[in-house]
Amino acid sequence: MTAENLSILEFELADEAATRALGGALAGRLRPGDLILLEGDLGAGKTALARALVQAHLAAHGLAEDVPSPTFTLVQTYESPALLI
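Nothing here was measured: the structure is a model prediction, and the numbers come from that model.

K.L.:
Kindly report on the environment of Thr 47, identifying the contributing residues and their values.
P.N.:
For Thr 47, the position within the fold is in helix H2 (residues 46-60). In sequence terms Thr 47 and Thr 19 are 28 residues apart; their C-alpha atoms lie 9.8 Å from each other.

K.L.:
Quick rundown of a negative patch on the surface? Include the residues and the values.
P.N.:
A surface patch of like charges, here negative, comprises Glu 10, Glu 12, Glu 39 and Asp 41. Counting through the fold element by element, Glu 12 comes out in the segment before helix H1 (16-27).

K.L.:
Which residues make up the packing of H1 against H2, and what values go with them?
P.N.:
The contact between H1 and H2 brings their axes to 7 Å, and the two run at 45 degrees. As summarised for this structure, H1 and H2 are arranged oblique, according to the angle between their axes. Here the hand of the crossing between H1 and H2 comes out right-handed. On H2, the residues that touch Glu 16, Thr 19, Arg 20, Leu 22, Gly 23, Gly 24, Leu 26 and Ala 27 of H1 are Ala 48, Leu 49, Ala 52, Leu 53, Ala 56 and His 57. A breakdown of the residues in the contact of H1 with H2 according to their chemical character gives eight nonpolar, four polar and two charged.

Reading the values: rules and limits
- Residues numbered from 1 in each chain as written.
- Predicted model: local features only at pLDDT ≥ 70, side-chain atom pairs only at ≥ 80, totals over all residues.
- Heavy atoms only, no water.
- Helix = DSSP H or I, 4+ residues; strand = E, 2+ residues; numbered from the N terminus.
- Patch = residues over 30% accessible without salt bridge, like charges linked within 9 Å, V, L, I, M, F, W, Y side chains within 5 Å.
- Areas by Shrake-Rupley, 256 points an atom, 1.4 Å probe, with all protein chains shown as cover.
- Salt bridge = Lys/Arg side-chain N within 4 Å of Asp/Glu carboxyl O.
- Lys, Arg positive; Asp, Glu negative; His and termini not counted.
- Charge placed at Lys NZ, Arg CZ, Asp CG, Glu CD.
- Axes fitted to C-alpha atoms, helices over the stretch in contact; angles between N-to-C directions.
- Parallel < 35°, antiparallel > 145°, perpendicular 65-115°, else oblique.
- Left-handed = near helix turned anticlockwise from the far one by under 90°.
- Contact = heavy atoms within 4.5 Å.
- Nonpolar A, V, L, I, M, F, W, Y, C, P; charged D, E, K, R; others polar.

If you want it as structure tokens, here you go:
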């Protein structure tokens, strides 16, 4: 990744519903190779955002799967034809 294609966005979200809405919006815009880095204090909503993003992506492709907390997972995979390169 080079500096010219790096974007940094910061969001202040009112509550968990707003966090889930952001996750849903991001899910439709991400492309293979995109990278999202989450930073924040304990309880900031990082896990809620990651779960919402994965659930929205899966739902958009007609899939439903329990999305466990990614917080303590080194590698968590999800089956989706759109994610296979």
